[in-house]
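Coordinates in review
Single-letter residue listing:
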Amino acid sequence: MELNLILFGPPGAGKGTQSEYLTAKYQLVHLSTGDIFRANIKGETDLGKQAKAFMDKGELVPDSLTIALLESEVNKHADAKGFIFDGFPRTQAQATALDQFLESKGSSITCLVALEVEEEELRARLLNRGKTSGRPDDVNPEIIQNRIDVYQRETCPVADHYGAQGKYKGVNGIGSIEEIAQRLCEAIDAARVSAN
Ligand code: AMP
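These numbers come from a predicted model, not from an experiment. (Residues numbered from 1 in each chain as written. Predicted model: local features only at pLDDT ≥ 70, side-chain atom pairs only at ≥ 80, totals over all residues. Heavy atoms only, no water.)

**Side note on the overall build of the protein chain**
Along the backbone of the protein chain there are eight helices and five strands. In the protein chain, the succession of α and β elements from N to C terminus is β-α-β-α-α-α-β-α-β-α-α-β-α. The principal-axis extents of the C-alpha atoms in the protein chain amount to approximately 45 × 40 × 30 Å. Put simply, the protein chain has 196 residues, and 46% of those count as buried. Of the contacts made within the protein chain by residues no fewer than 6 positions apart, 74% connect residues no fewer than 24 positions apart. Counting only carbon and sulfur atoms, one obtains 50% of the accessible surface of the protein chain, whose full area is about 9,800 Å². (Helix = DSSP H or I, 4+ residues; strand = E, 2+ residues; numbered from the N terminus. Buried < 20%, exposed > 50% of the residue type's maximum accessible area, 1.4 Å probe, protein only. Contact = heavy atoms within 4.5 Å. Areas by Shrake-Rupley, 256 points an atom, 1.4 Å probe, with all protein chains shown as cover.)

Here you go:
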């Protein structure tokens, strides 16, 4: 059975860092919509130009664009043992589209693991990351706040969506990288057992 994980959490929760570890451990394909958008911005593609206008303001890229992108990325990896979706789905519409898309392939989400970090800590982490990440959306406190607000307004319902399916696992996102990785693995392994 495939292992399809959603690594969930607010901006600055540590999704990118933990994705690297989980991808290697479970041998999954890592799909970060934010990374894919940034690669398109760098390559100056049409998609990159469209996405940049939203990203620079800390707004979400429209669902139609994001869902089409995600589906085409999944389709590039027909032999995958499963996926880590990082930064996707970010809206209720994206979650519904993802479920339908996976179902059409005879597959499904195994679980959503959520990194829980309080808001004050997120603001500090993102400002700090802005010193080295080269990401324009990590530098300005107003844009950071907008991303956190958008998360609360539009993305939190995704957690309820998977909660209603019994697939939500919350994990404390404060601690060392290894401690948090350990907590994630425990949650994932438990979900895997109950899914089989
Ligand atoms: P991230 O790297 O996940 O923090 O994403 C950076 C930015 O890319 C976000 O603030 C959004 O503007 C955009 N983005 C990434 N993933 C999505 C998504 N699933 N839906 C809409 N916008 C997204």
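More follows now that the structure is in view.
**Description of unusual backbone geometry**
That bond from F88 to P89 is cis: its omega, -5°, falls within 30 degrees of zero. Within the fold, P89 resides in the loop between β3 (83-86) and α5 (92-104). Even without being glycine, Q27 reaches a positive phi, approximately 55°. Counting through the fold element by element, Q27 comes out in the loop between α1 (15-26) and β2 (29-32). Positive phi is not limited to glycine here, since E44 has a value of about 55°. Residue E44 is classed as exposed on the basis of its relative accessible area, which comes to 62%.

**A closer look at the side chain of T66**
Among the structural elements, T66 can be located in helix α4 (residues 63-75). At a separation of 2.9 Å, a polar atom in the side chain of T66 contacts the main-chain carbonyl oxygen of P62. (Polar contact = N/O pair within 3.5 Å; in protein donor to acceptor, adjacent residues only side chain to side chain.)

**Re the site of the ligand**
Surrounding the ligand, one finds 15 residues, the nearest of these being T33, R38, E59, G87 and Q94. In the model, a nitrogen atom of the ligand is placed 3.0 Å from a nitrogen or oxygen of the V61 main chain. In the complex, the protein chains occlude 96% of the 480 Å² of accessible area that the ligand would expose alone. In terms of residue count, the dominant contributor to the shell around the ligand is helix α2 (residues 33-42) (four residues). (Near = heavy atom within 4 Å.)

**A look at the environment of I41**
Among the structural elements, I41 can be located in helix α2. The partly exposed category is assigned to I41, whose relative accessible area is 25%. On a C-alpha basis, the gap between I41 and K52 in space is 6.7 Å, while along the polypeptide they are 11 residues apart. Once residues lying within four places of it in the same chain are set aside, the contact partners of I41 are G48, K52 and M55.

**Some thoughts on the side chain of D137**
Structurally, the position occupied by D137 is in the loop between α6 (119-130) and α7 (141-163). At 3.0 Å, the side chain of D137 and the side chain of R135 are in polar contact.

**Observations regarding the pattern of salt bridges**
Under the counting rule described, the total for this entry stands at 11 salt bridges. One salt bridge in this structure joins E119 and R123, with 2.9 Å as the shortest N-O distance. Residue E119 and its partner R123 are located together in helix α6, separated by four residues, close to a single helical turn. Classification of R123 as partly exposed rests on a relative accessible area of 30%. A salt bridge links R129 to D138, with the nearest nitrogen and oxygen atoms 2.8 Å apart. Among the residues examined, D138 registers a relative accessible area of 0% and is labelled buried. The network of salt bridges with shared partners includes R129, R135, D137, D138 and R147. (Salt bridge = Lys/Arg side-chain N within 4 Å of Asp/Glu carboxyl O.)

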